[in-house]
Number of protein chains: 2
Amino acid sequence: MTPATIKVACSNCNLRELCMPVGMDADDLQRLDVLVANRRKVLRGDRLFHAGDTFTSLYAIRTGFFKTSVASEDGREQVTGFQMAGEILGLDGIVHDRHDCDAIALEDAEVCVMPFVQVESLSREFPVLQRHVHKIMSREIVRENGVMLLLGNMRAEERLAAFLLNLTQRLSVRGFSRSQLVLRMTREEIGSYLGLKLETVSRTFSRFSEAGIIEVKQRQVKILQPDMLNQIFNGAASCG
Amino acid sequence: MTPATIKVACSNCNLRELCMPVGMDADDLQRLDVLVANRRKVLRGDRLFHAGDTFTSLYAIRTGFFKTSVASEDGREQVTGFQMAGEILGLDGIVHDRHDCDAIALEDAEVCVMPFVQVESLSREFPVLQRHVHKIMSREIVRENGVMLLLGNMRAEERLAAFLLNLTQRLSVRGFSRSQLVLRMTREEIGSYLGLKLETVSRTFSRFSEAGIIEVKQRQVKILQPDMLNQIFNGAASCG
DNA sequence: CGTTCTATTGACGGAGCTCAAGGTCTGTGG
DNA sequence: CCACAGACCTTGAGCTCCGTCAATAGAACG
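Under the annotation held in an unreviewed UniProt entry, chain A carries the name Fumarate/nitrate reduction transcriptional regulator Fnr and is attributed to Pseudomethylobacillus aquaticus.

In structure tokens, the structure reads:
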């Protein structure tokens, strides 16, 4: 069942500035190494976990890109987020001891498996880690507040602008360009996240493109006028 | 600045089955009493906290009813939740040490003030409390996932049905009727939460009423056919 | 090289928004 | 007790943004 596993350590991970070990000093970091039981590879299109699965672990993304989604009774899907290296998956599972959403790899990925009992036990020992875990959960709550604002109040152009700005911001923290990105998800997945249909996403991309704000070639996006995106996002202007 | 404060204890609080002390035995409960520094009264219309305020404490609602909301740059407001007795406010503040949303009392209320350093210190001591804090945050994440599904995929009738079912469910846990409730919020606040305009909320109430599913008299709502609400919520039917 | 998945674009329609006009309830002060 | 103001709610008419349906084309993959 479980794919090949590799023993690994946070202490020499190049994501330690972004991921779980934030704020811990070298000595603490050694102790943190027991946090990660093993790593797991997830191929593109495969599920890391599925709504209903028993919850045992949180997952820190080492490489790759994920989406999470929930589904209604009658099968409508809502993408609830896109996650990249250093971000944590699985927080939804804590409350009911089973996962509440699906997590699917949008490209081949590798995650660190952190048994939640270990997370809790180390949290009791290291206040810095405890605080960090709390912040990760709080950050997710705040992020979702922002998505609710977007879904409840914004128009298609504003939503897509917000989406692009958010992606480039997170990518730039990870050392990627602010002005160029490759979308890992389809128009339909973007639409699901933003509460739009794929045709609307496509049309809005085209409109941004005609206005000279971005350049789109399939999933390659070049941001030509980030300021315009900001203006659109803040409701100050449109490109139509 | 701070209103009159009263020393209080979880150990003899009648909300202990719903609130912070869930799962703790009598001995632990005594120790938990230091969790609550004091109580604070909040009058209807007043703010418990405001976006930007320094975060110091979580708040457990003892009595009353709150809304939380975020605002966009250009002033559009999104209600992100309605909270009632036993529920926890302030989780949004942890990540940046300042609050990210406003919390406003929709009726005269009283909250227990729990300094977050106390919460964390006691969490390290009591694994049961630690787990409970994690569950509260995870529950909020899961709730917001559900709201995203609602805002991204559902039509007005489905949204309002989901809203009514959610409210009655939570009220019934607190010993209130499943078939009758008094809305503490305006049509506009409901609309903001559900991503609708107040007129649409009003019209949808009227349609439910004409269909004999509910009876509405201003803020008094009687649920005549809860099954119909369930069907509408699940996308299986409409009343038009 | 054909099959399938994905993206673009157009034409049309509808759910919900906007604007507007009354109606109802609550509280306050005469 | 009544009059009045202000907040809240209801309902109608018209409009608009986005969804739906459809056709085409381009990319990816075996």
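Q: Looking at this structure, I do not really get the overall build of chain A. What am I missing?
A: Broken down by element type, chain A carries seven helices and nine strands. Expressed as lengths along the three principal axes of its C-alpha atoms, the size of chain A is roughly 55 × 40 × 30 Å. Relative to its full complement of 240 residues, chain A shows a buried share of 53%. A separation threshold of at least 6 residues defines the contact pool for chain A, and within that pool the share at least 24 residues apart is 72%. Accessible surface for chain A amounts to roughly 10800 Å². Of this, 47% is attributable to carbon and sulfur atoms. Chain A carries 30 positive and 30 negative side-chain charges, and their two centres are separated by 4 Å.

Q: What exactly am I supposed to notice about the packing of aromatic side chains here?
A: For any pair of aromatic rings, the description rests on two quantities: the centre-to-centre distance and the angle between the ring planes. Across all of its chains, the model carries twelve aromatic pairs over all chains by this definition. The structure contains a cluster of three or more aromatic residues connected by ring pairs, namely Phe 65, Phe 82, Phe 163 and Tyr 193 of chain A.

Q: What should I look at first to understand the interface of chain A and chain B in this one?
A: The figure often quoted for interface size is the accessible area lost as the parts come together. At the junction of the two partners, chain A supplies 47 residues and chain B supplies 47 residues. Taken together, both faces of the contact between chain A and chain B bury some 4600 Å²; the carbon and sulfur share is 57%. Our count for the contact surface shared by chain A and chain B stands at eight salt bridges. Notably, a salt bridge pairs Arg 131 of chain A with Glu 120 of chain B, separated by 2.7 Å at the nearest N-O pair.

Q: Help me understand unusual backbone geometry, please; the structure alone is not making it clear to me.
A: Note: most peptide bonds trans; most residues except glycine with negative phi. A positive phi is found at Asp 97 of chain A, a non-glycine position, where the angle reads about 60°. Looking at the element boundaries, Asp 97 of chain A is found in the loop between β5 (88-89) and β6 (102-115). Here Asp 97 of chain A falls in the partly exposed class, since its relative accessible area comes to 33%. The phi torsion at Gln 218 of chain B lies on the positive side, around 60°, for a residue other than glycine. Classification of Gln 218 of chain B as exposed rests on a relative accessible area of 65%.

Q: Mind showing me how you'd approach the protein's contact with DNA strand D here?
A: Not every one of the 17 residues close to DNA strand D is listed here, only the nearest: Ala 156 and Thr 200 of chain A together with Ser 202, Arg 203 and Ser 206 of chain B. Taking all atoms of DNA strand D within 4 Å of the protein, the share assigned to sugar and phosphate is 63%. At 2.3 Å, a side-chain N or O of Thr 200 of chain A approaches a phosphate oxygen of DNA strand D. A distance of 2.5 Å separates a phosphate oxygen of DNA strand D from a polar side-chain atom of Ser 206 of chain B. Those elements that provide at least two residues to the surface near DNA strand D are α6 (198-210) of chain A together with α6 (198-210) of chain B. It is α6 of chain B that contributes the most residues to the surface near DNA strand D, five residues altogether.

Q: Help me understand the relation of the copies chain A and chain B, please; the structure alone is not making it clear to me.
A: Each of the two chain copies goes to the other by way of a rotation about an axis and a shift along it. Of the transformation superimposing chain A on chain B, the axial component is 0.0 Å and the angular component is 180°, with the fit at an RMSD of 0.0 Å. A rotation of that kind, with that shift, is consistent with a two-fold axis. Measuring from the rotation axis to each C-alpha of chain A, the shortest distance belongs to Arg 124 of chain A, at 2.2 Å. Comparing contact sets, 100% of the residues at the interface of chain A also lie at the interface in chain B, consistent with an isologous, same-surface contact.

Q: Before we go on, may I ask you to explain the sheet that holds strand β8 (residues 214-217) of chain A in this structure?
A: Strand pairs in the sheet, formed through backbone hydrogen bonds, run parallel or antiparallel to each other. All names here are of chain A. The sheet built from three strands is open, its strands ordered β7-β9-β8 with antiparallel pairing. Among the strands making up the open sheet, the edge pair consists of β7 (180-182) and β8. Recorded for the sheet is a direction-independent mean angle of 15° between the axes of neighbouring strands. Where β7 meets strand β9 (residues 220-223), three bridges bridge the pair, whose relative direction is antiparallel. When the sheet's bridge partners are listed, Leu 181 is paired in β9 with Val 221. On top of the sheet, helix α4 (residues 156-173) reaches β7, β8 and β9; it is set at about 100° to β7, its chief contact.

Q: I keep staring at the side chain of Thr 168 of chain B and nothing clicks. Help me out?
A: Residues and elements named next belong to chain B. Tracing the sequence through the fold places Thr 168 in helix α4 (residues 156-173). Given a relative accessible area of 6%, Thr 168 falls into the buried group. Here Thr 168 is in contact with Arg 178, Leu 181 and Ile 223, once residues within four sequence places are set aside.

Q: Please clarify how the UniProt feature "domain: Cyclic nucleotide-binding" (unreviewed entry) in chain A should be interpreted in this entry.
A: In this numbering, the UniProt entry assigns the feature "domain: Cyclic nucleotide-binding" (unreviewed entry) to residues 45-98 of chain A. Across residues 45-98 of chain A one finds 0% helix and 50% strand; the C-alpha atoms that close the span lie 21 Å apart.

Q: So what exactly am I meant to see when it comes to the UniProt feature "domain: HTH crp-type" (unreviewed entry) in chain A here?
A: UniProt's entry tags residues 154-227 of chain A with the feature "domain: HTH crp-type" (unreviewed entry), counted in the numbering of this structure. Along residues 154-227 of chain A, the helical share is 55% and the strand share 15%, with 18 Å between the first and last C-alpha atoms.

How each quantity is defined
- Here the residue index of a chain counts from 1 through its sequence in written order.
- Chains carry letters from A onward and ligands carry numbers from 1 onward, assigned in written order.
- Two thresholds apply to this predicted model, a pLDDT of at least 70 for residue-level local features and 80 or more for giving and counting side-chain atom pairs, whereas whole-chain, interface and lining totals are computed over all residues.
- The basis for every side-chain value is the complete set of non-hydrogen atoms in the structure, without hydrogens or water.
- The way it works is that DSSP assigns letters per residue, a run of H or I at least four long becomes a helix, a run of E at least two long becomes a strand, and they are numbered from the N terminus.
- Categorising residues by exposure relies on relative accessible area from a 1.4 Å probe, with only protein chains included: less than 20% of the type maximum marks a residue as buried, more than 50% marks it as exposed, and the intermediate range marks it as partly exposed.
- Should any heavy atoms of two residues lie within 4.5 Å, those residues are considered in contact.
- Only the protein chains shown count as cover for residues, with accessible areas throughout obtained via the Shrake-Rupley method and a probe of 1.4 Å.
- By the counting rule applied here, Lys and Arg register as positive and Asp and Glu as negative, while His and the ends of each chain are not counted.
- Each charge is placed at NZ for Lys, CZ for Arg, CG for Asp and CD for Glu.
- Geometry of aromatic contacts follows a simple scheme: Phe, Tyr and Trp rings, the Trp one being its six-membered ring, pair when their centres are within 6.5 Å, and the pair is stacked under 30 degrees between planes, edge-to-face over 60, tilted otherwise.
- Buried area is calculated as the accessible area (1.4 Å probe) missing from two parts once they are joined, with the contributions of both summed.
- A pair is scored as a salt bridge if a Lys or Arg side-chain nitrogen falls within 4 Å of a carboxyl oxygen belonging to Asp or Glu.
- The rule for a residue being near a molecule or strand is that one of its heavy atoms must lie within 4 Å of it.
- Any N or O atom pair separated by 3.5 Å or less is treated as a polar contact, with the protein-specific requirement of one donor-capable and one acceptor-capable atom, and with residues adjacent in sequence counted only for side-chain atom pairs.
- To superpose the copies, least squares is applied to the C-alpha atoms of every residue with a pLDDT of at least 70 in both.
- We call two strands paired when DSSP finds no fewer than two bridges between them.
- Axis lines are fitted to C-alpha atoms, over the contacting stretch for helices. Their N-to-C directions set the angle, which ranges from 0 to 180 degrees.
- UniProt positions are given in the numbering used here, feature names are shortened, and annotations may be inferred rather than shown by experiment.

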